[in-house]
Amino acid sequence: ASAEISRMKLENHKKFVQSIYDEHRIDSRYTFDTIRIDELNTQAVATAKGFCATINYNFGKDTAPILLLIQGAAGTGKTVLSNCVANNFLNTLWKDVVLSSYAEMKKNKTPSSTDTSFDKADKDAKWERFISVDLLIMDGLCQNREALTAFDRTVIPDLLRARRARDLPLVITTPLSPSEMHMHLGDEIFESIKEYSVLATSLFGQSRREPISFGGANFQ
């Protein structure tokens, strides 16, 4: 009976993980075993692994939730590293994960004059998932170094505080350098981030993305 229960749990977990992959937000190809490591990302990969290990060790303990902050220029591997973290949570820690852009999160917090009651209910359900999922990965905050709007500066603290109240971890990726963050994010967001136990790391170097060839020239 014990073996059958274990088998059913494993089968149900596999189905759950596949349902996450079917959303096409998390790429199953990128794991800590498959990521290409070089001298410019070694420390960032190690920090991300440490984040996952610490979450597992601290689960259920009375400690501040951890926020992993991954900084790097476009193409340096922030999303790939985020996928490694997500796959570790799904397949090793058996925890639920949402990987989403901030733009997508904001869309589900923003009311629209054309929203039907179904639209509003759908947005509410998605927002509830953002604030309650085991791990939320906000990929690409200030992706183009754009200024945050006044609305952004209320939404992000709401999100951070809601997850902090539930003792839930968070990953944020951004191209902003550490020296730019306070100025771009503002006091309220910056202070909300400081309520977490923050692990910060940077990805260095040029873009790791495969170039596009056009007319004999390569474009990143």
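I will try to describe carefully the structure that is included in this document. Not measured: the values here are computed from a predicted model.

### Brief notes about the packing of aromatic side chains
(1) Moving on: Evaluation of the coordinates by the stated rule reveals two aromatic pairs.
(2) Moving on: Between the aromatic rings of W127 and F130, the centroid separation amounts to 6.3 Å while the plane-to-plane angle is 85°, which identifies the pairing as edge-to-face. Of this pair, W127 and F130 are both found in helix 5 (residues 117-132), three residues apart, which corresponds to roughly one turn of the helix.
(3) Moving on: The class of W127 is buried, set by a relative accessible area of 10%.

### Examining the packing of helix 6 (residues 152-165) against helix 8 (residues 187-194)
(1) Moving on: Closest axis-to-axis distance for the helix 6/helix 8 pair is 9 Å, and the angle between their directions is 10°. In terms of their interaxial angle, helix 6 and helix 8 are classed as roughly parallel. In this structure, the crossing between helix 6 and helix 8 has a hand that is left-handed. Together, D152, R153, I156, P157, L160 and R161 of helix 6 and E188, I189, S192 and I193 of helix 8 make up the contact between the two elements.
(2) Moving on: For the contact of helix 6 with helix 8, the residue count by class is five nonpolar, one polar and four charged.

### Quick look at the nonpolar core
(1) Moving on: Counting residues in hydrophobic clusters, the biggest one holds 28 residues, and the most contacted among them are F51, L81, V85 and F89.
(2) Moving on: Of all the secondary structure elements, the ones that give two or more residues to this core are helix 1 (2-21), helix 2 (42-58), strand 1 (66-72), helix 3 (78-91), strand 2 (97-101) and strand 3 (135-139).
(3) Moving on: Counting residues in hydrophobic clusters, the runner-up holds 27 residues, among them V133, M181, L185 and I189.

### Section: the environment of K15
(1) Moving on: If you trace the backbone, K15 turns up in helix 1.
(2) Moving on: A sequence separation of 136 residues divides K15 from F151, and the C-alpha atoms of the two residues are 38 Å apart.

### Notes on the pattern of salt bridges
(1) Moving on: Scanning all chains against the criterion turns up 14 salt bridges.
(2) Moving on: Here R161 and E188 are joined by a salt bridge, their closest N and O atoms 3.2 Å apart. With a gap of 27 residues between them, R161 in helix 6 and E188 in helix 8 connect regions that are remote in the sequence.
(3) Moving on: Taking relative accessible area as the criterion, E188 reaches 42% and is therefore assigned partly exposed.
(4) Moving on: Connected via shared salt-bridge partners are R25, E104 and K107.

Quick notes on the rules
- Within every chain, residues take consecutive numbers counted from 1 along the sequence as written.
- Predicted model: local features are reported for residues with pLDDT of at least 70 only, side-chain atom pairs are reported and counted for 80 or more only, and whole-chain, interface and lining totals are derived from all residues.
- The basis for every side-chain value is the complete set of non-hydrogen atoms in the structure, without hydrogens or water.
- Stacked, edge-to-face and tilted are the three classes for Phe, Tyr and Trp ring pairs, Trp counted by its six-membered ring, which pair at centre distances within 6.5 Å; planes under 30 degrees apart are stacked, over 60 edge-to-face, the rest tilted.
- Think of it this way: any DSSP run of H or I at least four residues long counts as a helix, any run of E at least two long counts as a strand, and we number them from the N terminus.
- We call a residue buried when its accessible area falls under 20% of the maximum for its residue type, exposed when it is over 50%, and partly exposed in between, using a 1.4 Å probe and counting protein chains only.
- Fitted lines through C-alpha atoms serve as axes, helices being fitted only where they are in contact, and the angles separating the N-to-C directions of these axes extend from 0 to 180 degrees.
- Angular relationships are summarised with four words: roughly parallel below 35 degrees, roughly antiparallel beyond 145, roughly perpendicular across 65 to 115, and oblique for the angles in between.
- Each crossing gets its handedness from the near helix: less than a right angle anticlockwise from the far helix is left-handed, clockwise is right-handed.
- The contact criterion used is simple: two residues touch if any of their non-hydrogen atoms lie within 4.5 Å.
- Ten residues, namely Ala, Val, Leu, Ile, Met, Phe, Trp, Tyr, Cys and Pro, are considered nonpolar, four, namely Asp, Glu, Lys and Arg, are considered charged, and the remaining ones, Gly among them, are considered polar.
- Buried Ala, Val, Leu, Ile, Met, Phe, Trp, Tyr and Cys residues that are joined via side-chain atoms within 4.5 Å together make up what is termed a nonpolar core.
- Every case where a carboxyl oxygen of Asp or Glu lies within 4 Å of a side-chain nitrogen of Lys or Arg is listed as a salt bridge.

As far as function goes, none of this settles anything; it's purely spatial.
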